[in-house]
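Chain by chain, the residues:
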Amino acid sequence: MTWALDHLDQIFTLAGQHAWLAGLPLLIGLVISVPLGWLATRKAWLRTGLLTVTGLLYTIPSLALFILLPPLLGTKVLDPANVIIAMSIYTIALLTRTVADGLSAVDTSTRQAAVAMGYSTFGRFRAVDLPLAIPVVAAGLRVAAVSNVSIVSVASLIGISQLGYFLTDGYARSFPTEVWVGIVACLLLALVFDLVIQLLARVLTPWTRVAA
Amino acid sequence: MIRFEGVTKKYGDGSGGESIAVNNFSLEAPTGRITVLVGPSGCGKTTTLRMVNRMIDPTSGVITIDDRNTADLPLAELRRGIGYVIQHAGLFPHRTVLDNVTTVPRLLGTDKKTARLRAMELIERVGLDPDLAKRYPAQLSGGQQQRVGVARALAADPPVMLMDEPFSAVDPVVREQLQNEFLRLQSELGKTILFVTHDIDEAVKLGDQVAVLRVGGTLAQLATPAQLLADPVDDFVAGFVGRDRGYRALQFAEAPELELTNEPTVTIGTSASEVRAVGQPWVLCVGDDGEPMGWVRAGAVSGEVTRDLLQRGGTVASTAGSLRALLDAALSSPSGRGVVADADGRFAGTIRASEVVPVIEARQQSVAEREDAAASALQGEATPA
Amino acid sequence: MITFATVWAWFTDPANWQGADGVPTRMLEHLKFTGITLAIALVIAVPIGAWVGHSGRMRWLVTGANAARAIPTLGLLFAVSMLVSPLFTSSLAFTVPSIAVLVLLAIPPLLSGTYSGIESVDPAARDAARGMGMSDWEVLTRVELPCAMPLFLSGLRSATLQVIATATIAASISLGGLGRYLIDGLASQDYVQMVAGSILVALLALVADLVLALLERFAVSPGISGRGQGVARRRRLRFGRGGDAAASVKNSTDAPLGADPA
C-alpha cells in the first residue's frame, strides 16, 4: 500500500500510456469493423470470407504478433505503433463478427418498414440498423476493451512502457507487491473502460431504458 | 382411465405468499376417449396435464391411471408408459426423424432393428413420407415436425397420451389437417388422451368430453361438446365458448333420414340446348363418377358446359353428416338447394334450408332428453371396472 | 536487419532442428504443455459447466470465471509463479506454476462454452426428453451434451488458443516450448530467432485451430451444424424468434473464431 502511494506518479503515467495503447485501437477497430461488419451482412460469401480472415488473425498469439509486425511494417521493435496496430487487429477481429451479428439481429419487420418508407441502403443503415445494433456492438466493445487491457501488458516483455512494467519489473526484482499493484491497476483500468463504454451505450440508446 | 381427485398445485411467490395454479381439481378422463382441457391462459390447464406424468408434482390430491396412484410409480416407468406431445414438438435436433421416433423403445431396451421397423410404420401412419425418416428436424416444416412428435409419442404404444397444445404452433390450414388425421388415428388406436388447448373450436372438434377451466385452476364445466355449446353453465363458460353457439352446436346433431329432392344433372360437355331444356336457372353439374362438381347458370351457357362456368361456392353435405353441414350446404348454394352426397361421394339429392329448419326445431324439443342420455352413457363408462 | 532471407536461413540451418533447443523438441514441449493443460482444465470445467447448465444452479460460477478473464495473464503468470515456485525444487518450480496458470486461463472459456451450450438447448426438447422418462443423466448425455457440442467446441478452440499464446509468454518464467525462441532471442538481441519463433507459434495456433474446426465436423450432428440439404437456412428461420442479440454476442465473444474457418 505504501509502495503504491509512493509510486502514484509512476502508476498514473504508466496507466495513461496503457489506456492509450489499449483505447486508441478500440476506436480504430470500431471505425474499421463497422463497414466490414456491414459488408458481412450483405452477402453470405463476404461474411464467410471476412470472418475467416479476421478469425485467423485473432489466432496469432499476441507476443508473436508484437514481434512479427516490425519486420513486416518496417517499424522499430520498441515502437508503440506495433502495439497499437496489433491491438487494432485483435479489436477488428472481435468486432467485425459482433457488428455483423448485431446488424443481422435487427428485427426484420423494422427493417422492412424502413425500406418501405423509402430509405436508401445507406440511409437505412445509418438511421435504423446501426442505432439498433448499438447494444450488441457495445457488448462486443466491452469484451474487446477488457481483452486489450490484458494483452497490452504483455508488451512489457519486449520493453514497451505501460502498466505491464510493474509485472515484469516486480518479477525480476522478486518483489510481489509491485506485481500485485500492476495487476490491480490493470483491473481498475479495465473496469474504467467497461464503465465508460456502458455509459456511452446508455446515452446513445435512450429507447432501451423506457421499458422499465 | 386417468382420474384426478382433489388435486391442488400451489406455488410460493418467493415472499412467503403463494399462488394457486390448480385448485381442488377432480376429473375423470375415460379410457379410450379424448378429454380436452380448455381455458384462458393462467387457468392451470398445462399444469394439470403435466402433473399426470409428474413433470410437476401436485401439492395435494391424488392422480391415478387405471387406479394406480402415479405418485407410487417409479418416475421412469410412469413416463415411459405415457405418450407426451408438446407444442413445439421438442424434437431432438441432433437426431434424425427415425432416431427421434425410436427414442422411447430404445430406452425400454427394444433392439435397434425392431424399433426402427416399428418407427417406419408409425412415420407412415402419421402421414409422413418415409423418405423423411433420414432427415433432421431442422429440415422439416412445422406441421411435419408435429407429426414426428406424435409418432415419437406413439412409438412405445403407450395406453395414455398427454398432448399439450400440439397443433397451436402451425398455420390454420395445416392445423385442420393435423386435427383430422389425429381423429382418424385415434379412431384406429383408441388411446386414453388428455389434450390441452386454449382454442375452444379445437376443443369442441376433438373432445369426447371437454373440461373448461377458469383462471385460478378450477373446473368451470365438464360436458360433451354438444352440451357445452347448448348449455353453458355460467357467463364465463358462455363467454369463453363464444358466438354462433347455436349454429356450431348443430355439428353434433346427426342428420336424420331426410326426404331429398332429386335433381336433373348435367356433365361437362352437355350442350346449351339440353341445359335450357331442364327449365331451371341453376343446374347441377356432376362428374364421371356422379360426384357433384358445381352449379351452372343456364343463361350463361353458350355452346356447351365448360369447367369455367362452374360456380363452386356451395358446400356439399353428406347423408351421414350433421345438421350443420346440411344447413350450410343449403345456405351456401347459389340455387338455394343444398347439395347432398352419399357415403361414396355421389350426388344423392338436394335440400332447402326451409326443409332443414323444421328438423332443427323438432330436435330442440327432444334435445334435453338426448343430452341427458349421452351424459349418463359417458359416466357409465367412467365408473371403475 | 531482418529480411526474408535471414529468417529463411534460420529455418534452413540444421543446427536449429537438433538438440534440446531444436524446433522439434520445442514444438513437442509446447504441444505437451498445451495438451496437459487442456486435459486438466477439461476435467475441471466440463463437469461443472454441465452441472450448472443442467441444473440452472450456481450460475455465478460461470459469471465469476468470465469476470476473472479481466486479470492480465502476464500478471497472473508472475504472481502465481512467485507464490508457488518456492514450494517446489528442481524444474517443477517452473512447470507447476505455469501449468497452474494455463489451467486457470483455460477454464473460463471451457466452462462458459459447456454451460451456454447446455443452457441454449431448446427447452421443448429437454421437456420432451424428461416427459418420455429419461433420467437426469440420460437427459444430459443423450440430449443436452450432443446439442451443446457447437458452443462447447468453440469454447475449446478459444481455450486452446489462449493456452498456446500464454504458454509462449510463460517462457519468461522459464517454461520450455516455442516461447523460448522469443524470450531467449530478446535476451541475446537475436531478432531473427525471435521472428522465427513467432512464425512457429503463429503456425501452431493456426494449425491447432484448423484441427479443432475439422473436429467440429465429426463431433457435431449434421442436424445441429446444418451441413447438407439446406438445414442451416431452415434452422436459422426456425430459431430466429429466439435468436436475440445478447446470445449471439455471447457466442462471438467466447470464441471470435467460433464459426467455420474452412
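Remember, it's a predicted structure, so these values are computed and weren't measured experimentally. (Residues numbered from 1 in each chain as written. Chains lettered and ligands numbered in written order. Predicted model: local features only at pLDDT ≥ 70, side-chain atom pairs only at ≥ 80, totals over all residues. Heavy atoms only, no water.)

J.: How would you summarise the overall build of chain A if you had to cite specific residues and measurements?
T.: Helices and strands together make up the secondary structure of chain A, namely nine helices and zero strands. Moving toward the C terminus, one meets the helices and strands of chain A in the order α-α-α-α-α-α-α-α-α. Judged by the C-alpha coordinates and their principal axes, chain A covers about 65 × 45 × 20 Å. In chain A, which comprises 212 residues, the proportion classed as buried is 51%. Within the structure as shown, chain A displays about 9,800 Å² of accessible surface, and the carbon and sulfur contribution to it stands at 70%. (Helix = DSSP H or I, 4+ residues; strand = E, 2+ residues; numbered from the N terminus. Buried < 20%, exposed > 50% of the residue type's maximum accessible area, 1.4 Å probe, protein only. Areas by Shrake-Rupley, 256 points an atom, 1.4 Å probe, with all protein chains shown as cover.)

J.: Got a sec to walk through the overall build of chain C? Specific residues and values, please.
T.: Counting its secondary structure elements, chain C contains 12 helices and zero strands. The helix and strand sequence of chain C, counted from the amino end, reads α-α-α-α-α-α-α-α-α-α-α-α. The 262 residues of chain C split such that 54% are buried. In chain C, the proportion of contacts linking residues at least 24 apart, taken out of those at least 6 apart, comes to 74%. When the accessible surface of chain C is totalled, it reaches about 11,200 Å², and 68% of it is carbon and sulfur. (Contact = heavy atoms within 4.5 Å.)

J.: Report on the side chain of Thr-64 of chain B, specifying residues and quantitative values.
T.: Residues and elements named next belong to chain B. Residue position: Thr-64 is located in strand β4 (residues 60-65). We classify Thr-64 as buried; its relative accessible area is 8%. Residues contacting Thr-64, with those up to four places away along its chain left out, are Met-1, Ile-2, Arg-3, Glu-5, Asn-69 and Thr-70.

J.: Any chance you could break down the packing of helix α9 (residues 176-204) of chain A against helix α4 (residues 73-84) of chain C for me, citing the residues and the numbers?
T.: Here α9 of chain A crosses α4 of chain C at 150°, and the two axes come no closer than 10 Å. On the basis of the axis angle, α9 of chain A is roughly antiparallel to α4 of chain C. Regarding α9 of chain A and α4 of chain C, the two cross each other, and that crossing is left-handed. Together, Pro-176, Val-179, Trp-180 and Ile-183 of chain A of α9 of chain A and Gly-75, Leu-76, Phe-78, Ala-79, Met-82 and Leu-83 of chain C of α4 of chain C make up the contact between the two elements. (Axes fitted to C-alpha atoms, helices over the stretch in contact; angles between N-to-C directions. Parallel < 35°, antiparallel > 145°, perpendicular 65-115°, else oblique. Left-handed = near helix turned anticlockwise from the far one by under 90°.)

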